[in-house]
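Survey of secondary and tertiary structure
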Amino acid sequence: MSETEELRETEELRETVRRRYAAAAVQVTEGGTGCCGPGGAEVTEEGFGSALYRAEQREDLPPEAVAASLGCGNPTAVAELREGEHVLDLGSGGGIDVLLSARRVGPTGKAYGLDMTEEMLALALANKAKSGADNVEFLKGTIEAIPLPANTIDAVISNCVVNLSTDKPAVFAETFRVLRPGGRIGIADIVADNHLTAAQRAERGDYTGCIAGALSFAEYQQGLETAGFTNVRITPTHPVTDGMHSAIVRATKPTAVP
C-alpha cells in the first residue's frame, strides 16, 4: 500500500469513528442512550457504559451525561485527583468524566475535556451548563494533537478512547508533552492478550466498537515507555470478549525529563 493510500485509509477510519460517536451524541440528545462495545452493543452491556460508575457518582450529574457514557471503565476512580490539580480527559464525549473530575479537583483546580466531534462537544457543553460547573473547559481537537501548552497538566485520563486512535504513538507523545514533570495518566482502555494478532482482534469486534484497534499489553507498555513514561502498569479489570480485557493503564512522567 502506498503512503497516499495509507493516509486515505487512516482518514476514512477516523471519519467512520467520528460519524459513529456523532450519531451516539444525537441519539442521547433526542432522549436515547449512546452505544459502544463489541459489535455496537448498547452501553448497558456488561463491561461498558454508565453501570461502571457508582450510583452516588451518577445521581447528581445531568442524565444526558450519564446516558452518553460510552467507556469501558471509570478512570476518575483511579486517577487519584487532588484539590487544585489540572486534569485533561482525552475523548471526553458527553463529559461525565470531566464533570466528575471537576468535583475532585475543586474550585482551585480545572478539568479539561478534549473531543473531535461537534455533536459530542455540544452535548458536553449543555451538560456543563446543567451541572453548574465553573472549573470545566471543553476543547475541540484530536488526541493526536492536543491544543494545550506543554507542562500544564497534572493528570491525563481517558475512557476507552485511545484504542480508537489511528496514531497511538502520537497520542502517547502528546500526552507526555502536556503533562508536568511528575504528572501521571490514569486511562481505562481495551487491551488484547499478547498472542492475538491484529487480524484476530478484528475478528472479535470492529474498530468503532472499541475492539479492532486495541493494542496488546506488550504494545501498550512499549508505546508508553517509548514516549518517555515510567512506572507503566496495565491492570486488567474484566473481560470484554475472548482474549480482550478492559484495563486500567497507569504511568508517570519523570520529574527530571532529559
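Scope of this entry: the structure provided in the associated data block. Quick caveat, the model's predicted, so the values are computed rather than measured. (Residues numbered from 1 in each chain as written. Predicted model: local features only at pLDDT ≥ 70, side-chain atom pairs only at ≥ 80, totals over all residues. Heavy atoms only, no water.)

1. Regarding helix α8 (residues 217-227)
Along α8, the residues that are buried comprise F217, Y220, G223 and L224. Burial along α8 is one-sided: seen end-on, the buried residues are contained in an arc of 135°. With respect to the buried face of α8, the exposed residues turned more than 90 degrees away are Q222 and T226. Next to the buried residues of α8 lie α6 (168-178), β5 (179-192), β6 (215-216), β7 (230-241) and β8 (244-252). (Buried < 20%, exposed > 50% of the residue type's maximum accessible area, 1.4 Å probe, protein only. Helix = DSSP H or I, 4+ residues; strand = E, 2+ residues; numbered from the N terminus. Arc of directions from axis to C-beta. Contact = heavy atoms within 4.5 Å.)

2. What to know about the pairing of strand β2 (residues 110-115)
Counting buried positions along β2 yields five of six residues, so the element is predominantly enclosed. Pairing of strand β1 (residues 86-90) with β2 involves five bridges; the strand directions are parallel. If you follow H86 over to β2, its bridge partner there is K110. For the handedness criterion, the β-α-β arrangement of β1, helix α4 (residues 96-105) and β2 is classed as right-handed. Here β2 pairs with strand β3 (residues 136-140) via five bridges, running parallel. Paired with Y112 across the two strands is E137, which belongs to β3. Remark: the β2/helix α5 (residues 118-131)/β3 crossover connection has right-handed handedness. (Pairing = 2+ DSSP bridges. Right-handed = clockwise from strand over helix to strand, strands pointing away.)

3. What about the packing of α6 against α8?
Direction vectors running N to C along α6 and α8 enclose 45°, while the axes themselves pass 9 Å from each other. Classified by the interaxial angle, the pair formed by α6 and α8 is oblique. At the point where α6 passes α8, the crossing takes the right-handed sense. The segment α6 lies against α8, with F172, A173 and F176 engaging Y220, G223, L224 and A227. When grouped by side-chain class, the residues that make up the contact of α6 with α8 number six nonpolar, one polar and no charged. (Axes fitted to C-alpha atoms, helices over the stretch in contact; angles between N-to-C directions. Parallel < 35°, antiparallel > 145°, perpendicular 65-115°, else oblique. Left-handed = near helix turned anticlockwise from the far one by under 90°. Nonpolar A, V, L, I, M, F, W, Y, C, P; charged D, E, K, R; others polar.)

4. Remarks on the nonpolar core
Within the largest apolar cluster, 30 residues are counted, with the highest numbers of intra-cluster contacts made by L88, I185, Y220 and L224. For this core, the elements supplying multiple residues, two or more each, are β1, β2, β4 (153-159), α6, β5, α8, β7 and β8. Look past the residues within four positions of I185 in its chain and what remains in contact with it is V156, T175, L179, L224, F229, V249, R250 and A251. In this structure, L81, V87, A133 and V136 belong to the second largest nonpolar core, which totals 15 residues. (Core = buried A, V, L, I, M, F, W, Y, C linked by side-chain atoms within 4.5 Å.)

5. Focus: the side chain of D115
Positionally, D115 belongs in strand β2. Judged by its relative accessible area of 9%, D115 is buried. For D115, the side chain forms a polar contact with the main-chain nitrogen of S92, separated by 3.4 Å. Excluding residues that lie within four positions of it along the chain, D115 makes contacts with G91, S92, G93, M120, L121, L139, K140 and G141. (Polar contact = N/O pair within 3.5 Å; in protein donor to acceptor, adjacent residues only side chain to side chain.)

Spatial relationships are all this shows, so hold off on functional conclusions.
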